[in-house]
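Each chain, written out:
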Amino acid sequence: MKPSTCKKYIIGASVCLLVILGLVYFYFFAGMSSKKGTSYIYIDQDDNIDSVYAKLDTIATSRSMHAFKTLVRHSKYADHIRTGRYAIKNDMGAFITFRHLKNGMQDPVSLTIPSVRTKGDLAAAVAKKTIIDEEELYDSLADESFCEKYGYDTATIVCLFIPNTYEIYWNASISKFMDLMKKESKKFWDFNRTEKAKAMQLTPNEVITLASIVDEETANDAEKPMVAGMYYNRLKLRNAEYPNGMPLQADPTIKFAWKRFELKRIYNNLLSINSPYNTYKNTGLPPGPIRIPTVAGIDAVLNHIKHDYLYMCAKEDFSGTHNFARTYQEHLKNAEKYSKALNERGIK
């Protein structure tokens, strides 16, 4: 064969090879998604290969869907579908998408633990962002044996949850979720915060419980250390009048005891409820938090302002802040002004 002829064959073969490689690349590696940006598909335990196809079909081009199905046919993926939240990016072709789904290479979600009043609200927030069942999580948090595994009881279990945003896999189990919360709680209670709690002669759970009351009393972060200082004064007070300590007399605990969070005013007839959360009848802290407190509330307790106030009452200007008093007589004057303002506005 002449060199020129041989050269032509080589060139021809090379061109054919490049064409084949180009087609393979286009078929298996060119972008799978027909949409701009990143799309996500969620695969749960009820999905089969047909439902996976249906979910991918909403974002994929017909060419890439055909390539994906070809890869599935030559693998065991259909028999071993893995749950998760999977990102489909513009530059991901069918092969990369297939590899991610087959190997469970999912993207985490950002889960924000909110500062909420009830376990039900917490369970609902977690269920919205993960595969975790809302009712199952709620039941777990209300189960003593479950809470004991993490070092808490049903009253204190909410102390485990520090309001923040965390990364977690969408298909995480309840145990994986709780393990993450335990890890993050330990991280939050660093040496600095732990030492401040010790100096106050309070445990982290007690700090969080007090912080939950502070948060319910005011949404003003700047005032929280002042409010925390007042309640701490009551908690530690010992004198002839209060040999066992002064009751906290915190109105938010009465709302919690009655489960009537909508109350605007606390009347005397509400103070007789027989509940460990009634801080008018019982001294010391209630058995556990009355909400998941904010980080600002927790740090307000740890960094409370040292003063000698024992009383406070919401300001009559409805600014959300408080008038503080050292004596009960001063407090009664402040309370009278606030009560008058409530009556003038028709608030019951």
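Residues numbered from 1 in each chain as written. Predicted model: local features only at pLDDT ≥ 70, side-chain atom pairs only at ≥ 80, totals over all residues. Heavy atoms only, no water.

Under an unreviewed UniProt entry, the name given to the protein chain is Endolytic murein transglycosylase, and the source organism is Segatella baroniae B14. The Function (unreviewed entry) comment attached to the protein chain in UniProt states, word for word, "Functions as a peptidoglycan terminase that cleaves nascent peptidoglycan strands endolytically to terminate their elongation." (UniProt positions renumbered as here; feature names shortened; annotations may be inferred.)

**Overview of the layout of surface pockets**
Leftover empty space is mapped by rolling, across the atoms, a probe with the size of a water molecule. If you add up the space inside the largest pocket, you get close to 1,400 Å³. For the lining of the largest pocket, the elements supplying multiple residues, two or more each, are α10 (204–217), α11 (224–236), α12 (251–258), β5 (311–314) and α14 (328–344). As for the second largest pocket, its lining consists of 17 residues, of which R117, T118, K119, F256 and K259 are closest to the centre. Among the domains, domain 2 (115–188) and domain 3 (191–307) are the pair contributing at least three residues each to the lining of the second largest pocket. (1 Å grid on protein atoms, 1.4 Å probe; cavity = no way out; pocket = protein on both sides within 12 Å on 5 of 7 lines; lining within 4 Å. Points joined across faces, edges and corners; volume = space filled by probe spheres on them. Helix = DSSP H or I, 4+ residues; strand = E, 2+ residues; numbered from the N terminus. Domains from an automatic or database assignment.)

**Topic: the packing of aromatic side chains**
Each aromatic ring pair is characterised by the separation of its centres together with the angle its planes make. Scanning the model with the defined rule gives 12 aromatic pairs in all. An angle of 85 degrees between the planes, with centres 5.7 Å apart, marks the rings of F188 and W189 as edge-to-face. The two residues F188 and W189 agree in class, both being buried. A centroid spacing of 5.7 Å and a plane angle of 50 degrees characterise the contact between Y311 and Y328, whose relative ring orientation is tilted. With Y311 in strand β5 and Y328 in helix α14, this residue pair connects regions lying 17 residues apart in the sequence. Its relative accessible area of 9% is what places Y311 among the buried residues. Classification of Y328 by relative accessible area gives partly exposed; the value is 42%. Through a chain of ring-to-ring contacts, three or more aromatic side chains come together here, namely Y53, F68, Y77 and F98. Directly above the ring of Y53 sits K69, whose terminal nitrogen or CZ lies 5.0 Å from the centroid. (Phe/Tyr/Trp six-rings, centres within 6.5 Å; stacked < 30°, edge-to-face > 60°. Buried < 20%, exposed > 50% of the residue type's maximum accessible area, 1.4 Å probe, protein only. Lys NZ or Arg CZ within 6 Å of the ring centre and 35° of its normal.)

**Some remarks on a negative patch on the surface**
Taken together, the side chains of D121, D133, E134, E135, E136, D139, D143, E144, E148 and D153 define an acidic patch exposed on the protein surface. Counting only elements with at least two residues in the negative patch, the list comes to α6 (134–141) and α7 (144–148). In terms of residue count, α6 provides more of the negative patch than any other element does, four residues in total. Here D139 is to be found in helix α6. (Patch = residues over 30% accessible without salt bridge, like charges linked within 9 Å, V, L, I, M, F, W, Y side chains within 5 Å. Areas by Shrake-Rupley, 256 points an atom, 1.4 Å probe, with all protein chains shown as cover. Salt bridge = Lys/Arg side-chain N within 4 Å of Asp/Glu carboxyl O. Lys, Arg positive; Asp, Glu negative; His and termini not counted. Charge placed at Lys NZ, Arg CZ, Asp CG, Glu CD.)

**Comments concerning the pairing of strand β4 (residues 165–168)**
It is a general feature of regular strands that their side chains alternate between the two faces of the sheet. Residues of β4 alternate between two faces, with Y166 and I168 buried on one and T165 and E167 left unburied on the opposite face. When strand β3 (residues 109–112) meets β4, the two strands line up antiparallel, connected through four bridges. Within β4, the position partnered with V109 by the bridge is I168. (Pairing = 2+ DSSP bridges.)

**Some remarks on α10**
If you check α10, its first and last C-alpha atoms are 20 Å apart, about what 14 residues at 1.5 Å a residue would give, namely 20 Å. α10 sits mainly inside the fold: 11 of its 14 residues count as buried. Those residues of α10 that sit buried are V207, I208, T209, L210, A211, S212, I213, V214, D215, E216 and E217. (Expected span 1.5 Å × (residues − 1).)

**Considerations on the nonpolar core**
Core analysis: the biggest nonpolar cluster contains 62 residues, and F161, F177 and M178 have the highest contact counts within it. Among the elements that line this core, the one with the most residues is α11, at seven residues. Counting only domains with at least three residues in this core, you end up with domain 2 (115–188) and domain 3 (191–307). Once residues within four sequence positions are removed from consideration, F177 is found in contact with L111, I113, V126, I132, L137, F161 and I168. By size, the runner-up hydrophobic cluster in this structure holds 20 residues, among which are I41, I59, I88 and A94. (Core = buried A, V, L, I, M, F, W, Y, C linked by side-chain atoms within 4.5 Å. Contact = heavy atoms within 4.5 Å.)

**Observations regarding the UniProt feature "site: Important for catalytic activity" (unreviewed entry) in the protein chain**
Mapped onto this structure's residue numbering, the UniProt feature "site: Important for catalytic activity" (unreviewed entry) falls at E217. Within the secondary structure, E217 is located in helix α10. You can call E217 buried: its relative accessible area is 19%. Discounting residues that sit within four places of it in the chain, E217 has contacts with V227, Y231, A250, D251, P252, M312 and H322.

**Focus: the pattern of salt bridges**
Enumeration according to the criterion identifies 10 salt bridges in this entry. One salt bridge connects D47 with K55, and the closest N-O pair in it is separated by 2.6 Å. Across the salt bridge formed by E184 and K187, the nearest N and O atoms sit 3.5 Å from each other. Remark: K187 and E184 occur in helix α8 (residues 174–188); sequence separation between them is three residues, near one turn of the helix. Overall, the relative accessible area of 15% leaves E184 in the buried class. A residue is classified by how much of its surface remains accessible, and K187, at 53% relative accessible area, is exposed.

**A few points about the pairing of strand β2 (residues 84–88)**
Within β2, five of the five residues are buried, leaving the element largely enclosed by the surrounding structure. Residues G84, Y86 and I88 of β2 are buried on one face, and the alternating residues R85 and A87, pointing to the opposite face, are buried as well.

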